[in-house]
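# Per-entry structural report
Residues per chain are reported as follows:
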Amino acid sequence: MKHYKIWIILVSVVFALLIALYFVLHNRNPLDINVKHIKLEVKVERFDQELFDNTTPIEKRVQQMSSKYGLFFDVYNYQIIGIGGFENRSYLVYLQTFMSDYAVQQAYHAVDSVFEDTGELDSKLTDGFKHYKYYYTDSTVPRVVCFIAGFNQSVATMDGFIGVGLDKYLGSRSTLYAMLQIPEYSASRMTPEQIPFDVMTAFAQMQYPYNDTAENLLNRMIYNGKIQYFLDAMYPRDEDSLKHAYSSADIEYCRWHEKDMWAFIIDKKLLFSTDYLTIRNYCDDAPYTKDFGMESPPRAGNWLGWRIVSSYMKHNKVSLPELMAETDYQKILNLSKYDPE
């Protein structure tokens, strides 16, 4: 009788383990891959500190930085802070005026405090770009360069470089953002934790630019959904709230109201709308998505686009590079079998 009881217990344990294994395998995230074998290390370059380092004469400083940063140095001067280049005889005067500006000085000191150590950022970017190298084996990883631009730009992309405006990531409660009267919904995503996701978003958009010659709501939703899925592939273990720049309440709203939001767009025949304001309402940043009320999060159309793309990838044997290269958005919708419950 005792052996019989032991046998029953063993069978029960094995059965429970098999059930647990089934659910683990069934619910396993296919994007959660092992990238430890990929040899890569990303370290952000502190262009901002070098520029404001007064221990070196400014003439020598800009010559050294021009040589070291090449294209990025030109883009910073011409496009990011808009003072022109060396051919302008007043270039050094303009640069010194920019650097001594009160707001810029405040930004510099705040950045110096918040980003005293970038080790965590280096680690996070390394992880993201390791995932990128997994999918794009022969690709070249860009240099990530930090800058200060007087609060006018978050991320700048160009051939071989991604620039990060650290003064746009001082933390949602930064007193400087309050002084500048930056809206709360914008300041909420201006945090150090957001940098890796904004970097990868900008990188994906540079690699796969949106073709707006055939602009409509569906196209924009699914294009942005592809960018969000790209973030999932680069950071498969991170919370959706970080990847979507949402609060936990925003995530819950989308999960609970997904079916209703999709039904509204279909019922109102908005899916193929080419109206600029309609597309902006559903896909651009704002306090909330106008058609869904003040309790809704912004960019709800992008969330739905992401859900469509995720369903498409679930039901079709498509690689990440193939997905990102696909520009037939109607095809993605048709093959997605998207049907929110």
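Residues numbered from 1 in each chain as written. Predicted model: local features only at pLDDT ≥ 70, side-chain atom pairs only at ≥ 80, totals over all residues. Heavy atoms only, no water.

## Re the overall build of the chain
- Helix and strand counts for the chain come out as 17 helices and three strands.
- Taken along its principal axes, the extent of the C-alpha atoms in the chain is 90 × 55 × 40 Å.
- The buried share of the chain, reckoned over its 341 residues, is 49%.
- As displayed, the chain has an accessible area near 18900 Å², and 53% of this comes from carbon and sulfur atoms.
- Across the chain, 34 positive and 43 negative side-chain charges occur, with their mean positions spaced 7 Å apart. (Helix = DSSP H or I, 4+ residues; strand = E, 2+ residues; numbered from the N terminus. Buried < 20%, exposed > 50% of the residue type's maximum accessible area, 1.4 Å probe, protein only. Areas by Shrake-Rupley, 256 points an atom, 1.4 Å probe, with all protein chains shown as cover. Lys, Arg positive; Asp, Glu negative; His and termini not counted. Charge placed at Lys NZ, Arg CZ, Asp CG, Glu CD.)

## Description of the environment of Leu166
- Tracing the chain through its elements places Leu166 in the loop between β3 (161-165) and α8 (175-179).
- In this structure Leu166 comes out as buried when scored by relative accessible area, which is 0%.
- Through-space distance from the C-alpha of Leu166 to that of Gly150 is 9.8 Å; in sequence the pair is 16 residues apart.
- Sequence-distant contacts of Leu166, defined by excluding residues within four places in its chain, comprise Arg46, Asp48, Val111, Phe115, Cys146, Phe147 and Ile195. (Contact = heavy atoms within 4.5 Å.)

## Observations regarding the side chain of Ser139
- Within the element layout of this structure, Ser139 appears in the loop between α7 (119-135) and β1 (143-147).
- Here Tyr136 takes part through its backbone oxygen, which lies 2.5 Å from a polar atom of the side chain of Ser139.
- The contact partners of Ser139, leaving out residues within four places of it in the chain, are Tyr132 and Lys133. (Polar contact = N/O pair within 3.5 Å; in protein donor to acceptor, adjacent residues only side chain to side chain.)

## Looking at the packing of α7 against helix α10 (residues 195-207)
- Two elements in contact, α7 and α10, have axes whose closest approach is 9 Å; the angle formed by their N-to-C orientations is 35 degrees. Like other packed secondary-structure pairs, α7 and α10 cross with a definite hand, here right-handed. Contacts between α7 and α10 pair Leu121, Lys124, Leu125, Gly128, Phe129 and Tyr132 from the former with Ile195, Pro196, Phe197, Val199, Met200, Phe203 and Gln207 from the latter.
- When the residues that make up the contact of α7 with α10 are grouped by side-chain class, the tally is ten nonpolar, two polar and one charged. (Axes fitted to C-alpha atoms, helices over the stretch in contact; angles between N-to-C directions. Left-handed = near helix turned anticlockwise from the far one by under 90°. Nonpolar A, V, L, I, M, F, W, Y, C, P; charged D, E, K, R; others polar.)

## Considerations on helix α4 (residues 71-80)
- Turning to α4, its buried residues are Phe72, Phe73, Val75, Tyr76, Asn77 and Ile80.
- At its buried positions, α4 is contacted by α2 (47-51), α3 (58-69), α5 (91-100), β1, β2 (155-158) and β3.

## Digging into the packing of aromatic side chains
- Across all of its chains, the model carries 26 aromatic pairs by this definition.
- Both rings, one in Tyr134 and one in Tyr135, keep their centres 5.1 Å apart while their planes meet at 85 degrees; by these two values the pair is edge-to-face.
- Overall, Tyr134 belongs to the partly exposed group, its relative accessible area being 38%.
- The interplanar angle of 85 degrees and the centroid separation of 5.1 Å between the aromatic rings of Trp262 and Tyr338 together place this pair among those described as edge-to-face. Here the residue Trp262 occupies a position in helix α13 (residues 248-267), and Tyr338 occupies one in the segment after α17 (329-336), the gap between them amounting to 76 residues. Each member of the pair, Trp262 as well as Tyr338, is classed as buried.
- Here the aromatic cluster, defined as three or more aromatic residues joined through ring pairs, consists of Phe47, Tyr69, Phe72, Phe73, Tyr76, Phe86, Tyr91, Phe147 and Phe161.
- In this structure, Arg307 packs its charged tip against the face of Trp306, placed 6.0 Å from the ring centre. (Phe/Tyr/Trp six-rings, centres within 6.5 Å; stacked < 30°, edge-to-face > 60°. Lys NZ or Arg CZ within 6 Å of the ring centre and 35° of its normal.)

## Description of the pattern of salt bridges
- Scanning the model with the defined rule gives 15 salt bridges in all.
- Glu50 is paired through a salt bridge with Lys68; the nearest N and O atoms lie 2.8 Å apart. On the criterion of sequence distance, the pair formed by Glu50 in helix α2 and Lys68 in helix α3 is long-range, its members being 18 residues apart.
- Here Arg307 and Glu258 are joined by a salt bridge, their closest N and O atoms 3.0 Å apart. (Salt bridge = Lys/Arg side-chain N within 4 Å of Asp/Glu carboxyl O.)

## Quick word on the environment of Asn219
- Locating Asn219 in the fold gives a position in helix α11 (residues 217-234).
- For Asn219, a relative accessible area of 11% gives the class buried.
- Sequence-wise, Asn219 and Val309 are 90 residues apart; in three dimensions their C-alpha atoms are separated by 12 Å.
- Setting aside its immediate chain neighbours within four residues, Asn219 contacts Tyr210, Ala214 and Tyr329.

## Re the pairing of β2
- Inspection of the sheet shows β2 paired to β3 by four bridges, in the antiparallel sense. Bridged to Thr157 within β3 is Ile162.
- Hairpin connection, β2 to β3: the antiparallel pair is bridged by two residues, and Gly160 has positive phi, about 85 degrees. (Pairing = 2+ DSSP bridges.)

## Notes on the nonpolar core
- If you look at the biggest cluster of nonpolar residues, it comprises 105 residues, and the most contacted ones within it are Phe47, Phe72, Phe129 and Leu320.
- For this core, the element with the highest residue contribution is α11, accounting for eleven residues. (Core = buried A, V, L, I, M, F, W, Y, C linked by side-chain atoms within 4.5 Å.)

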